[in-house]
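If you want the building blocks of each chain, they are given just below.
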Amino acid sequence: MTTAAARTARKKMTLRDAARQFLKYPSPWMIGAVLVVAVVARVIVGDWQLTDALVPLAIVAVFPFFEWMIHVFILHWRPKRVGRLTIDPLLSREHRAHHVDPRSLPLIFIPWKSLATWVLPLAIGTALLAFPRLGMGLTFLVCIAVAGLVYEWTHYLIHTDYKPKTAVYRSIWRNHRNHHYKNEHYWFTVTSSGTADRVLQTYPDPAAVENSPTVKNLHAEVPA
């Protein structure tokens, strides 16, 4: 068997196997470090109030729409020329490569350079500056770090050989697989199925959608 064939061959995978491989990549550790520091800081600061309970509820409600917007407007960003400058963020470039080869594990994760230079600093800055209380901001940081880990784990697991065991995960798995293997213009959420996509009208009946000729080559010209 060739190297390429060996890499793409399906094999039986358990959750333990998946977790062991998941922890070989930097983004879970980077997000996890922020989570640990945020939890410790939140406990030290104290000042627990009822409004802290609203933060996780708000994140659960908003996160599918946040995923959708990031996916549509950043990950599927079409490179733009401004004079001699080409605007083409690393996240967008990596995501195009991810569509070319959805089974390449390094391309599944948020690039560590993006996490280090702006994703995590933006989350930390928002927590420290955008809330009326430091405690509430740290609650936000804990919750958004958990959401980030859930996103990374779910996205990673969908692209591995792990087979869905529950109806809920199977629907999430199918939703994202349709995005990668049927049509890249629909099914943009990753950690849920039919939430933001339904509201924003990107959740059609798969049987009514044609296979896209550019699903593995975003922004390519469609042959006439």
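Residues numbered from 1 in each chain as written. Predicted model: local features only at pLDDT ≥ 70, side-chain atom pairs only at ≥ 80, totals over all residues. Heavy atoms only, no water.

Colleague: Please explain the packing of aromatic side chains as it appears in this structure.
Modeller: Counting across every chain of the model gives 12 aromatic pairs. Between Y162 and Y169, the aromatic rings sit 6.2 Å apart at their centres with planes inclined by 50°, giving tilted as the arrangement. Residue class for Y162 comes out buried when judged on its relative accessible area of 10%. Members of the aromatic cluster, each reached through a chain of ring pairs, are F22, Y25, F109, W153 and Y156. Looking at R42, its charged tip hangs above the ring of W48, at a distance of 3.7 Å from the centre. Positioned above the aromatic ring of W77, the side-chain terminus of K80 is 4.1 Å from the ring centre. (Phe/Tyr/Trp six-rings, centres within 6.5 Å; stacked < 30°, edge-to-face > 60°. Buried < 20%, exposed > 50% of the residue type's maximum accessible area, 1.4 Å probe, protein only. Lys NZ or Arg CZ within 6 Å of the ring centre and 35° of its normal.)

Colleague: I keep staring at the side chain of S192 and nothing clicks. Help me out?
Modeller: Structurally, the position occupied by S192 is in the loop between α8 (167-181) and α9 (196-199). Side-chain polar atoms of S192 contact the side chain of T195, separated by 2.6 Å. Here S192 is in contact with P64, I172 and N175, once residues within four sequence places are set aside. (Helix = DSSP H or I, 4+ residues; strand = E, 2+ residues; numbered from the N terminus. Polar contact = N/O pair within 3.5 Å; in protein donor to acceptor, adjacent residues only side chain to side chain. Contact = heavy atoms within 4.5 Å.)

Colleague: Would you take a moment to explain the nonpolar core for this structure?
Modeller: As a rule of thumb, soluble globular proteins bury nonpolar side chains together. Of all hydrophobic cores here, the largest spans 23 residues; its most connected members are I31, V55, I59 and L141. Of all the secondary structure elements, the ones that give two or more residues to this core are α3 (26-45), α4 (50-75), α6 (112-129) and α7 (134-158). Leaving out residues up to four positions away in the same chain, L141 has contacts with V34, A38, A123, I124 and A127. Counting residues in each nonpolar core, the second largest holds 13 residues, with M13, A18, Y25 and I158 among its members. (Core = buried A, V, L, I, M, F, W, Y, C linked by side-chain atoms within 4.5 Å.)

Colleague: Help me understand the UniProt feature "transmembrane region" (unreviewed entry) in the protein in this model?
Modeller: According to UniProt, the positions carrying the feature "transmembrane region" (unreviewed entry) are residues 21-41, 53-75, 115-132 and 138-158. Across residues 21-41, helical content stands at 86% and strand content at 0%; the span's end C-alpha atoms are separated by 30 Å. Annotated as 100% helix and 0% strand, the span residues 53-75 places its first and last C-alpha atoms 31 Å apart. (UniProt positions renumbered as here; feature names shortened; annotations may be inferred.)

Colleague: Hey, could you run me through unusual backbone geometry in this one?
Modeller: With glycine set apart, most residues show a phi of negative sign, and most peptide bonds adopt trans. At D47, a position not held by glycine, the phi torsion is positive, near 55°. Here D47 falls in the partly exposed class, since its relative accessible area comes to 39%. In this structure, W187 is a non-glycine residue whose phi angle is positive, near 60°. Relative to the helices and strands, W187 resides in the loop between α8 and α9.

Colleague: Whenever I open this one, α7 confuses me. Can you help?
Modeller: Each turn of an α-helix holds 3.6 residues, which means side chains three or four residues apart point in the same direction. Between the first and last C-alpha of α7 there are 36 Å, a value that for 25 residues agrees with the 36 Å anticipated at 1.5 Å per step. Of all 25 residues that make up α7, 20 are buried, and the element is covered over most of its length. (Expected span 1.5 Å × (residues − 1).)

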